Amino acid sequence: MANNRKLPFGYRMEFGAYTPHPTEANTVRWIYQTYLAGAPYKTLVDALQERGIAYDEGRLWNKNMVARILEDVRYIGTDRYPAILPEEQFRSARERRKDRAVLIRKTPAQAELRRLCGGSPPAWVEQQALSLLNRLVQNPEGIASDHTGVETVEARRLRRELEEVLCSPPVDGERARDMALRLAEHRLNAIGAEEYETTRLQKLFRNHPIMEKLEQKLLRESVQQITYRGKGIQVQLKNGQIIGGRQP
């Protein structure tokens, strides 16, 4: 956003020289003091709107304006600008901005979590997701599909015929083997993708160590979607199973 001000906020021109603007200079000092006390940009913007001191005529305060003030080294006295702030205060604010930039930078797991949630989730979502996935690491048998295991009509027929062959001595070994193979093939074909995913997920979690932090690879390989409401989350695994955290 372009800066339409002819002078930096906090200064005015008097007799051809830059001098502190009393009201604006006090606002600059307040911004630094409040920021160093822990206030985020949004809190500063809201408070500045209420103070009724315009950054630029006809324009509302925004985060870019606040950031511009917190980055302007002229406030400690440079070029022809007299100091408004002590240098130590300016340096402290700069260090805090650097620290916050490191905190805001997302890990690969957090980026994956954002994709699964469809946006940036609250911080507690990450901790609940970690807890739920670690629970599966400890008990992979808790992973199950909706497959009911109900035998199809064709499978029942093949099984009955196989039982009849096996119970009718002398047993025709070649026919029994052929029928057993046909039954196994039919049962295998009857198993859906969910059942395959369930087996894969069980193996994945069985071989995974307990996590101290969420891992991008495990999220990507095991989770289809994460939703959250109130203080609870629901994790949909790639086999369709839904596991839930605390509910509101």
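The present account deals with the structure reproduced in this document. (Residues numbered from 1 in each chain as written. Predicted model: local features only at pLDDT ≥ 70, side-chain atom pairs only at ≥ 80, totals over all residues. Heavy atoms only, no water.)

**Let's talk about the pattern of salt bridges**
So, step 1. Applying the stated rule across the entire model yields 12 salt bridges.
So, step 2. The residue Asp 56 makes a salt bridge to Arg 59 at a minimum N-O spacing of 3.3 Å.
So, step 3. With a shortest N-O distance of 3.8 Å, Lys 98 and Glu 95 are connected by a salt bridge. Highlighted residues: Lys 98 and Glu 95, both in helix H4 (residues 87–104), separated by three residues, approximately one helical turn.
So, step 4. Accessibility expressed as a relative area gives 40% for Glu 95, which makes it partly exposed.
So, step 5. Through salt bridges that share partners, Glu 112, Arg 115 and Arg 220 make up one connected network. (Salt bridge = Lys/Arg side-chain N within 4 Å of Asp/Glu carboxyl O. Helix = DSSP H or I, 4+ residues; strand = E, 2+ residues; numbered from the N terminus. Buried < 20%, exposed > 50% of the residue type's maximum accessible area, 1.4 Å probe, protein only.)

**As for the environment of His 21**
So, step 1. Within the element layout of this structure, His 21 appears in the loop between strand S2 (17–20) and helix H1 (22–36).
So, step 2. For the pair His 21 and Ile 84, spaced 63 residues apart in sequence, the C-alpha to C-alpha distance is 9.6 Å.
So, step 3. Those residues in contact with His 21 that sit more than four places away from it in its chain are Gly 10, Tyr 11, Arg 12 and Asn 26. (Contact = heavy atoms within 4.5 Å.)

**Points about the sheet that holds strand S4 (residues 232–237)**
So, step 1. Taken together, the three strands give an open sheet; going across it, the order is S3-S4-S5, and neighbouring strands pair in antiparallel fashion. Unpaired on one side and paired on the other, strand S3 (223–229) and strand S5 (242–244) mark the two borders of the sheet. Adjacent strand axes in the sheet meet at a mean angle of 20° when their direction is disregarded.
So, step 2. Summarising the sheet, S3 and S4 pair through six bridges and their orientation is antiparallel. The residue of S4 that forms the bridge with Ile 226 is Val 235. (Pairing = 2+ DSSP bridges. Axes fitted to C-alpha atoms, helices over the stretch in contact; angles between N-to-C directions.)

Function cannot be read off these values alone, since they describe shape.
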